[in-house]
Structures are given as C-alpha cells and as structure tokens.
Amino acid sequence: MVDRAIILLSGGLDCTVALAWALNKRQNCFCLSFDYAQKHNIELEAAKKVCAYYGLKQQVIHIDPHCFAGSSLVERELEVPKGRSENDIISSGIQSTYVPARNTLFMSYAMGYAEILNAKAIYVGFNKMDRGGYPDCLPAFVEAFQSVINVATKQSVESTPPTIISPLLDLDKREIVALGIDLGAPLELTHSCYSPTSVGLPCSLCDACRLRDDAFAHARKTMS
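Residues numbered from 1 in each chain as written. Predicted model: local features only at pLDDT ≥ 70, side-chain atom pairs only at ≥ 80, totals over all residues. Heavy atoms only, no water.

Visitor: Tell me about the overall build of the protein, and please be specific about residues and values.
Guide: Broken down by element type, the protein carries 8 helices and 5 strands. In sequence order, the protein lays out its α and β elements as β-α-β-α-β-α-α-β-α-α-β-α-α. In terms of overall size, the protein behaves like a compact globule, its C-alpha atoms giving a radius of gyration of 17 Å where 224 residues would be expected to give roughly 17 Å. Once the C-alpha set of the protein is aligned to its principal axes, its extents read approximately 50 × 45 × 30 Å. Residue burial in the protein is summarised as follows: out of 224 residues, 48% are buried. Residue pairs in contact within the protein that sit at least 24 positions apart in sequence constitute 76% of those at least 6 positions apart. Charge separation in the protein, taken as the distance between the mean sites of 21 positive and 24 negative side-chain charges, equals 5 Å. (Helix = DSSP H or I, 4+ residues; strand = E, 2+ residues; numbered from the N terminus. Rg over C-alpha atoms; globule rule 2.2 N^0.38 Å. Buried < 20%, exposed > 50% of the residue type's maximum accessible area, 1.4 Å probe, protein only. Contact = heavy atoms within 4.5 Å. Lys, Arg positive; Asp, Glu negative; His and termini not counted. Charge placed at Lys NZ, Arg CZ, Asp CG, Glu CD.)

Here it is, written out as structure tokens:
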C-alpha cells in the first residue's frame, strides 16, 4: 500500500520541487494551498496547474488576512523590497515579507489533514535561502513542530505520527532548480514573484524574482 502524504503547495518553485521529490518516492500526495489575500495570489493558479499536471487532489484553505497583518505580502500600503543583491537578501535579517506565524498555522492545518487522511508524512519546501529572514523555516522550527505532532495527535497515541519531511532544507536556489530539473518537475508552471503586475507577470525585481532568475540562469549556463 502506498503511503499518503500531505504537501504544502503554494504554487512556488520550492514546494513544487518538494512535491516532485515526494512523488519520486511513490507517495500518494494530497496538496494543501492557502488563500490569505496575499498580493501574489496568482500563485494559487500556479498551484492549481501543478496539481492538474500531476493529477492530484488539492484543497484551498481560506484564511482571514487580518491574521497576517504587518507583512508586506498582505498589507497593500507596505512595499515589497526590490532591487536588492543576493547578499542583501540573505544578510538583512527578518524580512518585511515575513508573514507572522504563517507556517505555524499552515503546519497546523497539515497536521489536521494528516489525521483525517491517515497520512504518514507532511512535505514542506523550506530551504537554505529562507534561514536568515524567515524563522518559521528554520530546522529548529521543523524539529519543534515535529515534537507537537508527536504528542498532540490521535496518530501519536494510537499508531505512528506523520513525519515532517523537508527535502530542500540544506539546498540553495540553484540546487533546488537543478534538483527540480532532474526530477522532471513542471518548473515552468510555478510562480515565485512577490509583487506581480496586474496581469500576473513577474516584476523581476523582488527578492524572490532575483533568486529565481539567478538560479535558472545558472541552470542554463550549466546545461549549455
């Protein structure tokens, strides 16, 4: 019997590669996406396309955006940082694009769906590039939430709790793109931009765009 797995799927590059990794491990994947009135909610269309590509079930959960006030990904009057170097992105501390307690809430939903579906794993796209500005992507966060799952679920009492699997945790963006290509992930369907145009085109200036563009440029150079 193939084990079930929950995938946190925003529609971005990282989580799509994590999904491809899980599918390569022959996991029966169920995808969770979240609508919290994010400025880049076009990412939900990308998530839908990725799920359709793989023929997977997707649940979109709607969250009151007031839960995430204070982030430039939600607050319309706050500007998403643009034009920064990779060094600035990595070394500038907590980002304005950090969304308060977002991953804690997302992981809680994933834990609940793991109970409902008796899933054995929860896959996330946390990676090395997130560590400086997003404390809820750190290895310590993964370990701490695993401790919650281990004591706070019916599965933990009656059988075996699901395991959080973060296959990209020690990879940078270039390595993630390379892995995605190796796995045949539909990277062209993903969306990374934090500040897309009114018609959904990437701005090419925000942190997410710059890291993505660099990674793909490196991949093209490597393959040429």
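Visitor: Describe the packing of aromatic side chains, naming the residues involved and giving the relevant values.
Guide: Going through the model one piece at a time under the given rule, you end up with 10 aromatic pairs. Between Phe-30 and Tyr-113, the aromatic rings sit 5.7 Å apart at their centres with planes inclined by 20°, giving stacked as the arrangement. Taken together, the positions of Phe-30 in strand β2 (residues 28–35) and Tyr-113 in helix α4 (residues 102–117) put the pair 83 residues apart, joining distant regions of the chain. Residues Phe-34 and Phe-106 carry aromatic rings whose centres are separated by 3.8 Å and whose planes lie at 5° to one another, so their mutual orientation is stacked. (Phe/Tyr/Trp six-rings, centres within 6.5 Å; stacked < 30°, edge-to-face > 60°.)

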